[in-house]
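Topology and contacts: notes
If you want the building blocks of each chain, they are given just below.
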Amino acid sequence: NAGVTQTPKFQVLKTGQSMTLQCAQDMNHEYMSWYRQDPGMGLRLIHYSVGAGITDQGEVPNGYNVSRSTTEDFPLRLLSAAPSQTSVYFCASSFRGLLSQETQYFGPGTRLLVL
Amino acid sequence: KQEVTQIPAALSVPEGENLVLNCSFTDSAIYNLQWFRQDPGKGLTSLLLIQSSQREQTSGRLNASLDKSSGRSTLYIAASQPGDSATYLCAVGPGGKLIFGQGTELSVKP
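To start, this report covers the structure provided alongside it. Everything quoted here is computed from the prediction, not taken from an experiment.

Here is what the cut-offs are and how they apply
- Residues numbered from 1 in each chain as written.
- Chains lettered and ligands numbered in written order.
- Predicted model: local features only at pLDDT ≥ 70, side-chain atom pairs only at ≥ 80, totals over all residues.
- Heavy atoms only, no water.
- Contact = heavy atoms within 4.5 Å.
- Buried area = accessible area lost by both parts, 1.4 Å probe.
- Salt bridge = Lys/Arg side-chain N within 4 Å of Asp/Glu carboxyl O.
- Polar contact = N/O pair within 3.5 Å; in protein donor to acceptor, adjacent residues only side chain to side chain.
- Helix = DSSP H or I, 4+ residues; strand = E, 2+ residues; numbered from the N terminus.
- Nonpolar A, V, L, I, M, F, W, Y, C, P; charged D, E, K, R; others polar.
- Disulfide = S-S within 2.5 Å.
- Pairing = 2+ DSSP bridges.
- Phe/Tyr/Trp six-rings, centres within 6.5 Å; stacked < 30°, edge-to-face > 60°.
- Buried < 20%, exposed > 50% of the residue type's maximum accessible area, 1.4 Å probe, protein only.

On to the interface of chain B and chain A, then. Across the contact, 21 residues belong to chain B and 22 residues belong to chain A. Contact with chain A buries area across many residues of chain B, yet B:L44, B:G96 and B:F100 alone supply 25% of it, more than any other trio. Counting the contacts that link chain B with chain A gives one salt bridge. Between A:E59 and B:K1 there is a salt bridge, with the nearest N and O atoms lying 3.9 Å from each other. For the pair chain B and chain A, the interface holds seven residue pairs in polar contact (both at pLDDT 80 or more). Sorting the residues of the side of chain B that touches chain A by element identifies β4 (32–38) and β5 (44–51) of chain B as the ones contributing at least two each. Residues that form the side of chain B that touches chain A fall into these classes: eight nonpolar, ten polar and three charged.

In this structure the tally under the stated criterion is two disulfides over all chains. Put simply, A:C23 and A:C91 are joined by a disulfide, and their sulfur atoms are 1.8 Å apart. Torsion about the S-S bond of the A:C23 and A:C91 cystine: about -70°, corresponding to left-handed handedness. Of this pair, A:C23 sits in strand β3 (residues 19–25) while A:C91 sits in strand β9 (residues 87–94), and the two are 68 residues apart along the sequence. A disulfide bridge connects B:C23 with B:C90, and the sulfur atoms are separated by 2.0 Å. With the S-S bond torsion at 80°, the cross-link from B:C23 to B:C90 turns out right-handed.

All names here are of chain B. Judged by pairing direction, the sheet is antiparallel, and its five strands sit side by side in the order β1-β3-β8-β7-β6 without closing on themselves. Both outer strands of the open sheet, β1 (4–5) and β6 (56–59), are each paired with one neighbouring strand and no more. Two elements, strand β7 (residues 62–67) and strand β8 (residues 72–77), share six bridges in a ladder whose sense is antiparallel. Counted as the bridge partner of L62 is I77 from β8.

Evaluation of the coordinates by the stated rule reveals seven aromatic pairs over all chains. Taking 6.1 Å as the distance between ring centres and 75° as the angle between the ring planes, the aromatic pair formed by A:F106 and B:F100 counts as edge-to-face. With A:F106 in strand β10 (residues 105–106) and B:F100 in strand β10 (residues 99–100), this pair bridges two chains. Among the residues examined, A:F106 registers a relative accessible area of 10% and is labelled buried. Clustering of aromatic rings is evident, with ring pairs tying together A:Y35, A:F90, A:F106, B:F36 and B:F100.

The next thing to look at is unusual backbone geometry. For the bond from A:T7 to A:P8, the omega torsion is -5°, close enough to zero to count as cis. When you line up the elements, A:P8 lands in the loop between β1 (4–7) and β2 (10–13). B:I7 connects to B:P8 through a cis peptide bond whose omega is 5°. With respect to the element layout, B:P8 can be found in the loop between β1 and β2 (10–14). You will see that A:N28, though not glycine, has its phi angle at about 60°, which is positive. Here A:N28 shows up in the loop between β3 and β4 (31–38). For A:N28, a relative accessible area of 53% gives the class exposed. Backbone geometry at B:Y31 places phi at a positive 60°, although glycine is not the residue there. Mapped onto the elements of the fold, B:Y31 is located in the loop between β3 (19–25) and β4.

In structure tokens, the structure reads:
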């Protein structure tokens, strides 16, 4: 199993540009989530999904859009990039159901710099 | 609103020492509590998951305890090694909606 994969690893954007961060998992997990990690702020939840076709907002959703058309993929779209969105973005997935199975698996991250 | 705090922010110990990392949370309705390890420039790796109804979990040299009544969890690392140097994060919540502490950066000196 490849686990959770993210592309690209690193991206530089200009203010106002849009882009999509890709995330895929091959573990048949129901939960998928996007977090951003900033110095002094820790990891914060952007959006999450409990299954294909179902998404919801996390703590910091503004400026981001998600959709989940398949179990495997959960892309994160930046609609109009701003310098405040400079961060490291992590995708994560886990089973849903028995609490003992909800160990969360993380991807390697995407470093985004918005100029 | 659930808040998770980890103190200290950084810790340096000599190799071989037993150590304890602390995690506190404000709302006892935590679902699960997970401890993660993060190496510089890398993603997070799950170390231990404690269900809300459990008191502790063990994996090798790691032991995590949970006391919901006091809003605390501890991660005990036995016989620390330089390879244990990393940032350790705790998080609470159901699988897809974790709330994280800011982590403790651990340095184990040879």
